[in-house]
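# Reading the structure
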Amino acid sequence: DTEVTQTPKHLVMGMTNKKSLKCEQHMGHRAMYWYKQKAKKPPELMFVYSYEKLSINESVPSRFSPECPNSSLLNLHLHALQPEDSALYLCASSWNLATEAFFGQGTRLTVV
Amino acid sequence: GIQVEQSPPDLILQEGANSTLRCNFSDSVNNLQWFHQNPWGQLINLFYIPSGTKQNGRLSATTVATERYSLLYISSSQTTDSGVYFCAVVGAAGNKLTFGGGTRVLVKP
């Protein structure tokens with residue numbers, strides 16, 4: 001099984017809302033990632049967790065707050081987002097930072 | 001950081017045609033993957049190929065690590081092959097998967 005599951009698939013939120021994106025994998029992978037993808041652009045890395053510790057933060061604004069409660073779960077907490085944060089948010093996982101990565105189907109976020 | 005360039009940016013094919021997509025990278029790599037992104041946004045793994053040649057059905061890929069490029073071959077293209085193809089790498093000195101700009105493929109019936 002090479003499945004990474006993301007919920008919800010679609011999310012519409014206001015600029016004052018607080019919401020969370022969830023990602024789950026049961027492949028025993030120890031690295032998990034959040035990527036952001038705008039229309040007609042490649043995915044851009046936001047955060048990397050390795051062995052449940054944050055190892056990379058690509059200078060992401062603090063209105064995005066990642067959390068890795070255990071080795072199978074990755075959350076992205078959203079607060080006070082801007083309309084320009086509307087995008088496809090992709091979660092991925094891999095055994096380690098150099099091995100094959102597998103992506104979830106993404107959450108399409110719209111900020112109104 | 002490592003630079004990844006894909007060509008061509010856009011490709012229009014007639015069903016049944018063959019094509020080659022190219023990925024150039026600026027440094028040695030520990031990981032190179034090819035993905036197909038479908039219209040719903042799902043990134044589908046095609047190949048994990050930091051070096052060598054692999055084949056899977058009508059698709060094959062070759063990475064020449066010493067010359068810092070990889071090629072994805074699509075043979076007998078079908079309309080379901082439409083979408084965006086991404087190459088992504090982890091540099092030998094790096095620790096993150098970096099994507100190229102993608103090749104947008106449209107296969108016409």
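Here, every reference points to the structure presented above.
Rules of the game
- Residues numbered from 1 in each chain as written.
- Chains lettered and ligands numbered in written order.
- Predicted model: local features only at pLDDT ≥ 70, side-chain atom pairs only at ≥ 80, totals over all residues.
- Heavy atoms only, no water.
- Contact = heavy atoms within 4.5 Å.
- Buried area = accessible area lost by both parts, 1.4 Å probe.
- Salt bridge = Lys/Arg side-chain N within 4 Å of Asp/Glu carboxyl O.
- Helix = DSSP H or I, 4+ residues; strand = E, 2+ residues; numbered from the N terminus.
- Nonpolar A, V, L, I, M, F, W, Y, C, P; charged D, E, K, R; others polar.
- Pairing = 2+ DSSP bridges.
- Axes fitted to C-alpha atoms, helices over the stretch in contact; angles between N-to-C directions.

## Brief notes about the interface of chain B and chain A
In this complex, chain B contributes 20 residues to the contact, which on the side of chain A involves 21 residues. Across the chain B/chain A interface, buried area totals approximately 1600 Å², and carbon plus sulfur atoms make up 53% of it. When residues of chain B are sorted by the area they lose upon contact with chain A, Asn95, Lys96 and Phe99 of chain B head the list and together hold 26% of the total. Inspection of the region where chain B meets chain A yields one salt bridge. Measuring nitrogen to oxygen at the nearest pair gives 2.6 Å for the salt bridge that ties Glu58 of chain A to Lys96 of chain B. Breaking the side of chain B that touches chain A down by element, the ones donating at least two residues are strand S4 (29–37), strand S5 (43–48) and strand S9 (83–91) of chain B. With five residues, S4 of chain B is the single largest residue contributor to the side of chain B that touches chain A. Taken together, the residues of the side of chain B that touches chain A sort by class into eight nonpolar, ten polar and two charged.

## Quick look at the sheet that holds strand S3 (residues 18–25) of chain A
All names here are of chain A. Pairing is antiparallel in the open sheet, where four strands are placed in the order S1-S3-S8-S7. The open sheet has two edge strands, strand S1 (4–7) and strand S7 (64–70), and neither has a second partner. Neighbour-to-neighbour, the strand axes of the sheet open up by a mean angle of 20 degrees, direction not taken into account. Pairing of S7 with strand S8 (residues 73–79), which is carried by five bridges, proceeds in the antiparallel orientation. Bridge pairing in S8 places Glu67 opposite Asn75.

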